Structures are given as C-alpha cells and as structure tokens.
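# Chain and residue survey
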Amino acid sequence: MKKLIVANFKMNQNPSETKQYLTKFVAGFNGNRADVVICPSFVSLPVATFLASGSLVRLGAQNVCDEEEGSYTGEVSAQMLKDLGVEYVIIGHSDRRNKFKESDRLINKKIKTALKNGLKCIVCVGESLADRNTGKTFDVIRHQIEECVKGLYENELESVIIAYEPIWAIGTGQNASVRDVENAAKVIRKVIYESYSEKASRDIQVLYGGSLNEKNVGALLNCSGIDGGLFGKISLNVNQFLDIANNLK
Ligand code: PEP
C-alpha cells in the first residue's frame, strides 16, 4: 500500500510562495509511491486549492475551530474549509498543545466538529523529552489517544489518522529511532484495539513525524505499524519534498 505523506508548512510560505510551490509540486508529483497532503496556512489555502484541483495533491489545514459557526472572531470553521475543497486538518500538533495551550478536551471537540463536517483528521500525539527521560512515553501517548478519540464511533476512525510526533524530535534534527517508532505504533494500535476492535487497530493509519529527511525517511516510514510521515522543515523545500514523495522506497 502507498504511504501517506503530509507536509506541514506551519507559519511559513506566503500565498505567493505557496502558488510557486504548488505549481511546481503539482507538475512534478507522480503519485506512484505516496499519497500527498499539503497543509499550508489558512491564507494560502485558496490559491492552493485552485492549483491542486484535479491533481493528485490533497490539501489540509493546520487547525480548525471546535465550534461550528458564530461569534468566534479570528477562527476558521470546518464548514469553511470543506467549502474551499480542503479534505484534511491537522489537529493537536504540539505547537497548538504547548504554545496555544490546547487541551485534550478541546482537541477531542475539534476532531468531532471536523469529522461532522466531512474532514479527515490528522491527530498528533507525542511525549516531551521530560516524559521520555522519566519513562512516561507510553502512558502519555495512551492518555492522549484515549482522550482524543473519546466518544467517537468506530466507523469515524476511518477518517482519523494518528501522527506519532515526539516533541523532542520536532524541528530539532534529532529523529526517533526505528525501535522508538515501532514501539509507539504498537501502543497506539493497542489503545485502539482496547477501545474499539482488532479491525480498527489494524486499519487505523499511523504516521511518524519529527526531523524526517531524505536520509532517514526510508527506514522510519518502513517501520512496522507505520503508514506514512508528517514532515515540517524539509517539506518547505519543494525539490526535496518532491524527491521524497516521488521516490519513497
Ligand atoms: C512537525 O512540525 O510536525 C514536524 C514534523 O517538523 P519537522 O519535520 O521540522 O521536525
């Protein structure tokens, strides 16, 4: 099965830069080895959806409001994203959890609102360095997943993708090891097994993210239990990301 690879531009790439990026990416992407989701900033999504329309490239947002509509100044709703042609949304990235103090409860509500409006959710979980150093990695992941999927029906998991992103590996140049990633994927699938079923635990897509690059991507994305990757920094370079997307082993 093809891997799913997701680009998170974070607060980078203006609309004009996104236009250049998408023009090049859409023209060069062959779709043979991977499915690709690109997540630019909200303001770049209109130009991105225009350029990606009819191509193999899917689009995602980096955040969504937990409320459906109304007096929430500055927020962007799931309906708005859907209307624009966006298919995915990243929810619970560690930037949102830590810098914007998003709780598991809020993340759970965002997931429910996104799913209700037909978006696929890329839900990020992962431990801090302090958690890792005190042997709490698996407890933290378990707790985050249990809270994030609380109240979801099993069939809704078809639109949920879990991204294991250890916080200490994000943007640091220090990726997790194959063993770390395989163990985390096992725990993620075990929690889904216990909360749902064997089928759900097998079928759910699990990604790894954290300092992926052209050298480590082959080993880390071919770990047992891993269906793809979430890329930050390296995805900003269109040539490098195209190369990864087209030539993934
Ligand atoms: C991320 O922010 O989700 C991420 C994986 O970033 P990087 O690839 O730069 O570590």
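Residues numbered from 1 in each chain as written. Predicted model: local features only at pLDDT ≥ 70, side-chain atom pairs only at ≥ 80, totals over all residues. Heavy atoms only, no water.

### Quick look at the nonpolar core
The biggest cluster of nonpolar side chains holds 69 residues, and the ones touching the most others in it are I5, F25 and I38. At 7 residues, the largest contribution of residues to this core is made by helix α8 (residues 178–195). Residues contacting F25, with those up to four places away along its chain left out, are V36, I38, V57, V238, F241, L242 and A245. Ranked by size, the runner-up nonpolar core spans 12 residues in total, among them V37, C39, Y88 and L230. (Core = buried A, V, L, I, M, F, W, Y, C linked by side-chain atoms within 4.5 Å. Buried < 20%, exposed > 50% of the residue type's maximum accessible area, 1.4 Å probe, protein only. Helix = DSSP H or I, 4+ residues; strand = E, 2+ residues; numbered from the N terminus. Contact = heavy atoms within 4.5 Å.)

### Thoughts on the site of the ligand
The immediate surroundings of the ligand are formed by 14 residues, with K10, E165, G171, S211 and G232 found nearest. One of the side-chain N or O atoms of K10 is found 2.5 Å from an oxygen atom in the ligand. G232 is positioned with one of its backbone polar atoms (N or O) 2.8 Å from an oxygen atom of the ligand. Bound to the protein, the ligand loses 98% of the 300 Å² it would expose on its own. Taken together, the residues of the shell around the ligand break down into 4 nonpolar, 7 polar and 3 charged. (Near = heavy atom within 4 Å. Polar contact = N/O pair within 3.5 Å; in protein donor to acceptor, adjacent residues only side chain to side chain. Areas by Shrake-Rupley, 256 points an atom, 1.4 Å probe, with all protein chains shown as cover. Nonpolar A, V, L, I, M, F, W, Y, C, P; charged D, E, K, R; others polar.)

### Here's the deal with the state of the cysteines
Summed over all chains, the structure comprises 0 disulfides. Distance from the sulfur of C124, which forms no disulfide, to the nearest cysteine sulfur (C39) is 9.4 Å. (Disulfide = S-S within 2.5 Å.)

### Here's the deal with the environment of R189
The residue R189 is located in helix α8 in this model. A relative accessible area of 15% means that R189 is categorised as buried. Taking the C-alpha atoms as reference points, R189 and K249, 60 residues apart in sequence, are found 24 Å from one another.

### Digging into the packing of helix α7 (residues 137–148) against α8
At a minimum axis distance of 10 Å, the contact between α7 and α8 shows a crossing angle of 40 degrees. When the axes of α7 and α8 are compared, the pair comes out oblique. You can see that α7 and α8 cross each other, and the crossing is right-handed. Residues F138, I141, R142, I145 and E146 of α7 touch α8, and the partners they reach there are N183, A184, V187, I188, K190, V191, I192 and E194. Tallied by class, residues from the contact of α7 with α8 come to 8 nonpolar, 1 polar and 4 charged. (Axes fitted to C-alpha atoms, helices over the stretch in contact; angles between N-to-C directions. Parallel < 35°, antiparallel > 145°, perpendicular 65-115°, else oblique. Left-handed = near helix turned anticlockwise from the far one by under 90°.)

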